[in-house]
Amino acid sequence: MKDPIRFNSKIGLIAATVGSAVGLGNVWRFPAEVQANGGAAFLLIYLGCVIMLGIPVMLAEFSLGRAGRTDAVGVFQKLSPGKKWWLIGLLGIIASFTILSFYMVVSGWTLEYLVESLTGNLYRPDSGSGEVNFGEKMVGYVQSDSRPLLYTYIMIVLNVGILLGGVRKGIERISNWLMPTLFVLLIVFCCVSLSMPDAGAGLKYFFKPDFTKIDAGVIVSALGQAFFSLSLGLGVLITYASYFPKETRLVRTGVTVAVLDLFVAILMGIIIFPVVTSFGITDGESLRGGTLVFVTMPEVFSHMSGTQLWSTLFFLSITVAALTSTLSLGQVSIAFLQDRFKMSRGKAVALVLLPLIPLSTACSLSQGSWNSFKLAGYNLFDLLDNVATNYMLPIGAILLCIYAGWVFPKKTLTRELTNDGELKGTIAPAIRWCIKYAAPPLIFIILISKML
Ligand code: TRP
């Protein structure tokens, strides 16, 4: 028998899990959502969602993963043999694959912007001596078909390279390097941003509470954002938790991951808004997620000294954040193929990432020359994003909570949360209550309101 796979160290385990959580969701969705939905008022609601629902769902996934010690489908087959609960895991695998197909494309854009910053091309006017129009540049890049494809493929190859190394030598080792680098970069950026002349105004703009903006739709957004950002509902964390050693304190780990994820999200807002307002950009359109990152920030960098350096570092941080998230999304399916079908790692990696090539290609082209091809009013990219994020993710999370709260033995859940009773004074009962009674109906309401 081969040794079961475990993360090597506590730090590595946190780095990998935080690596999964911290991604494009933190970078381009969060700051824009906070600003548009009432600043600190949204932040409070978001915080409530993370504490009441996010952390409990995360702990449900952790407990299932560590109790079952296998892939996201196998966990359910092992814990409830002969029942259909494993379909939850299968849904997760399909959803993670779906997310991966468009997420990889956006990761490709960030890599392209990193390379273009490094070479300085991003800041060269396309024709003559005129000013650079970053909006046009972005449209040009995204719609040029071949370039985004090239960078999407490079991201896929990077994923293959790392995932072939396995959990310890691939995911854990790379996260151990990348996550601290990311944090250092973000803190440097934060200092730069706060030293801007108009930093105070930017922070006010970001945080200013406006409770009149809070309505049902905003609460729905806050929860969707919390789930996406914490990588919940798809079995990603079940898979990662199956590599947790038995000494890992699940509650503490979950809280650490959630706090670091929130920290990065808020840091991103603190980085972006002071620089943006210092350059007088406050119109709504410039502050939307994708525009903010790919148009507004380059615009700001172009007015700063050290344009290329800051721009390169900024896109480097985003690419790093995106890469560690794609690794986790890929690992769900790889673990499934390896555990269920006893496949070698190489074969499993190939089987997961090769089909991604045509899918990501279609997603990427759907922003370019295939844009006129629409299903239900969406191009393929937006359709997959919408279906996976707004439907598959909450459905997965509800089913997970129902399983963990009602089917999974209470004793086992408590055992996992308290490390076999070793940890005293834990909040296990409160968490169990949230998983069992609070989470399923609340997520259901959110799911329904998204459908209306
Ligand atoms: N959490 C990542 C982000 O914020 C994306 C992600 C990785 C994800 N794994 C996931 C989202 C699993 C949902 C489920 O960008």
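A.B. asks: Could you clarify how one ought to interpret the overall build of the chain in this entry?
C.D. replies: Helix and strand counts for the chain come out as 18 helices and zero strands. Computed over C-alpha atoms, the radius of gyration of the chain comes to 21 Å, within 12% of the 22 Å expected from 2.2 N^0.38 for 452 residues, which places it in the range of a compact globule. Taken over the C-alpha atoms alone, the chain extends approximately 70 × 50 × 45 Å along its principal axes. Looking at the chain as a whole, 59% of its 452 residues are labelled buried. For the chain, long-range pairs separated by at least 24 residues make up 82% of all intrachain contacts whose partners lie at least 6 apart in sequence. Computing the positive centroid from 34 side-chain charges and the negative centroid from 25, the chain places the two 15 Å apart.

A.B. asks: Mind showing me how you'd approach the pattern of salt bridges here?
C.D. replies: Here the idea is simple: oppositely charged side chains can pair when their charged atoms come close. What the rule picks out here adds up to seven salt bridges. For R29, the salt bridge goes to E33, with nearest N and O atoms at 3.9 Å. Here E33 and R29 lie together in helix 2 (residues 24-36), a separation of four residues that amounts to about one turn. Taking the relative accessible area as the measure of exposure, E33 reaches 16% and is therefore buried. A salt bridge links E416 to R415, with the nearest nitrogen and oxygen atoms 3.7 Å apart. For E416, a relative accessible area of 7% corresponds to the buried category.

A.B. asks: Sorry, what's going on with the packing of helix 1 (residues 10-21) against helix 8 (residues 166-194) here?
C.D. replies: Relative orientation and spacing of two packed helices are given, respectively, by the angle between their axes and the distance between those axes. Following both chains from N to C, one finds helix 1 and helix 8 inclined at 70 degrees, their axes separated by 8 Å at the closest point. Taken together, the axes of helix 1 and helix 8 lie roughly perpendicular to each other. On helix 8, the residues that touch I11, G12, L13, A15, A16, V18 and G19 of helix 1 are I171, E172, S175, N176, M179 and F183. Among the residues forming the contact of helix 1 with helix 8, the class breakdown is eight nonpolar, four polar and one charged.

A.B. asks: For this particular structure, what's the right way to read the packing of aromatic side chains?
C.D. replies: Each aromatic ring pair is described using two quantities: the centre-to-centre distance and the angle formed by the ring planes. Going through the model one piece at a time under the given rule, you end up with 30 aromatic pairs. Both rings, one in F76 and one in Y403, keep their centres 4.9 Å apart while their planes meet at 75 degrees; by these two values the pair is edge-to-face. Separated by 327 residues along the polypeptide, F76 in helix 4 (residues 74-79) and Y403 in helix 16 (residues 380-407) bring together distant segments of the chain. Both residues of the pair, F76 and Y403, belong to the buried class. Ring centres of W406 and Y437 lie 5.6 Å apart, and the angle between their planes is 85 degrees; on these two criteria the pair is classed as edge-to-face. Placement of W406 in helix 16 and of Y437 in helix 18 (residues 428-451) is noted, with a sequence separation of 31 residues between them. On the basis of relative accessible area, Y437 is assigned to the partly exposed category, the value being 43%.

Cut-offs used in this document
- Residues numbered from 1 in each chain as written.
- Predicted model: local features only at pLDDT ≥ 70, side-chain atom pairs only at ≥ 80, totals over all residues.
- Heavy atoms only, no water.
- Helix = DSSP H or I, 4+ residues; strand = E, 2+ residues; numbered from the N terminus.
- Rg over C-alpha atoms; globule rule 2.2 N^0.38 Å.
- Buried < 20%, exposed > 50% of the residue type's maximum accessible area, 1.4 Å probe, protein only.
- Contact = heavy atoms within 4.5 Å.
- Lys, Arg positive; Asp, Glu negative; His and termini not counted.
- Charge placed at Lys NZ, Arg CZ, Asp CG, Glu CD.
- Salt bridge = Lys/Arg side-chain N within 4 Å of Asp/Glu carboxyl O.
- Axes fitted to C-alpha atoms, helices over the stretch in contact; angles between N-to-C directions.
- Parallel < 35°, antiparallel > 145°, perpendicular 65-115°, else oblique.
- Nonpolar A, V, L, I, M, F, W, Y, C, P; charged D, E, K, R; others polar.
- Phe/Tyr/Trp six-rings, centres within 6.5 Å; stacked < 30°, edge-to-face > 60°.

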